[in-house]
Amino acid sequence: MPAAIFARLALTEARRGGLVWLALAAVALALALGAFLSQLALTESRTLQAAVVAALLRVCAVFVLAAQVVASVRREIDDKRLELLLALPLSRATQYLGRFAGFASLGAALAAAFALPALLWAEPAAVLCWGISLACELALVAAAALFFAMTLASLVPALAATAALYLLARSMSAMQAIAAGPLAEPSLPHELARHAVDAVALLLPALDRVTRTDWLLYGAPEARGYAMSLAGLLVYAALLAAAGVFDFERRAA
C-alpha cells in the first residue's frame, strides 16, 4: 500500500535520527530516579517510586514524540522534499495518513518501551492497561503535532501549540474543580467564567481520565470506563487527522 511507504519512511527517519538513544536515555533516567527514591527512608517509598517514575515516563514519551513529529515534518517542508512528494501520483490523503500511521506506530513502540520499567513496581495487568492507554495518548499527540506542523509556519509555534493543547487537556479537570469549588464567589461573572471553562472542556480530549498513575498503584481500571476513555482519545485523534487531511489537500491544490 502507498500509505505504508510513508509510514515506513517516518519510522526509518526516527531510527536514523537517534530517537532510539533518546528514548533509552529517558528510560535510564527514570530508572535512576526510581533507584534514588528507593534509598529514601519512607514507608511508602515503593508507591512514591511508581508514581514519580510513571509521571516522568509519560511526560518524556509525549515530549519525545511531539518533537520528532514536528521536526520531521518541518524538515521536509524546509528542504522542499514535500514539494517533490506532492508531485507523485498519490492522493494527498494517502500521503498525510501514511505519515500519521508511521508516527502513531512510533508512539506505540515508545509506549511499549516506556511501560516496561513500570513492571518493577506494578502488576502486569495494570502495566498493560497503562501502556495501551499511553499508546492511544501518543497517537493523539502524533495527530496534533502533525496537524500543527503542517499548518503553522515554523517549528517553535507548532511545538508550542502541541504542548499547549496537551497541557490544557491534562489540566482542564482541575480548572473545572476550582471553578466549581466551595470557595468560588457566587456572582454572575464567576458563573459565566465557569460555563466558559465547561465549554472549553467539551472541545478537548479527556486526558485526565487516561494513563493514570493510580492504575499502577491500586490495580487495573474498570473495563467499561477504560474502554470508553480510550475510544474518546482515538475519536479525537481521528478528527484531528481528518482536519489535517482537509487542510493539506486545500493548501496543496
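What counts as what
- Residues numbered from 1 in each chain as written.
- Predicted model: local features only at pLDDT ≥ 70, side-chain atom pairs only at ≥ 80, totals over all residues.
- Heavy atoms only, no water.
- Helix = DSSP H or I, 4+ residues; strand = E, 2+ residues; numbered from the N terminus.
- Rg over C-alpha atoms; globule rule 2.2 N^0.38 Å.
- Buried < 20%, exposed > 50% of the residue type's maximum accessible area, 1.4 Å probe, protein only.
- Contact = heavy atoms within 4.5 Å.
- Areas by Shrake-Rupley, 256 points an atom, 1.4 Å probe, with all protein chains shown as cover.
- Salt bridge = Lys/Arg side-chain N within 4 Å of Asp/Glu carboxyl O.

1. Focus: the overall build of the protein chain
Move 1: Helix and strand counts for the protein chain stand at 10 helices and zero strands.
Move 2: Listing the helices and strands of the protein chain from first to last along the sequence gives α-α-α-α-α-α-α-α-α-α.
Move 3: The C-alpha radius of gyration computed for the protein chain amounts to 20 Å, which stays within 12% of the reference 18 Å derived for 253 residues, consistent with globular compactness.
Move 4: In terms of overall dimensions, the protein chain has C-alpha extents of about 60 × 50 × 35 Å along its principal axes.
Move 5: For the protein chain, buried positions account for 42% of its 253 residues.
Move 6: Taking all contacts inside the protein chain whose residues are at least 6 apart in sequence as the whole, residues at least 24 apart take part in 80%.
Move 7: Of the roughly 13100 Å² of accessible surface on the protein chain, 71% is carried by carbon and sulfur atoms.

2. Re the side chain of Glu-137
Move 1: Structurally, Glu-137 can be placed in helix α6 (residues 124-151).
Move 2: Residue classification places Glu-137 among the buried positions, given a relative accessible area of 0%.
Move 3: With sequence-adjacent residues up to four places away left out, Glu-137 is seen in contact with Arg-58, Val-62, Tyr-166, Arg-170, Leu-207, Val-210, Thr-211 and Leu-233.

3. Things to note about the pattern of salt bridges
Move 1: Inspection of the entire model under this criterion finds four salt bridges.
Move 2: Across the pair Arg-99 and Glu-76 runs a salt bridge whose closest N-O atoms are separated by 3.0 Å. Taken together, the residues span a long stretch of sequence, with Arg-99 in helix α5 (residues 92-115) and Glu-76 in helix α3 (residues 45-78) at a distance of 23 residues.
Move 3: The class for Arg-99 is buried, based on a relative accessible area of 3%.
Move 4: Between Asp-214 and Arg-212 there is a salt bridge, with its nearest N and O atoms 2.9 Å apart.
Move 5: On the basis of relative accessible area, Asp-214 is assigned to the partly exposed category, the value being 28%.

4. Things to note about unusual backbone geometry
Move 1: Its identity as a non-glycine residue notwithstanding, Thr-211 has a phi of 50 degrees, on the positive side.
Move 2: Tracing the backbone through its elements, the reader meets Thr-211 in the loop between α8 (188-202) and α9 (213-218).

Interpretation in functional terms is not warranted from these geometric data alone.
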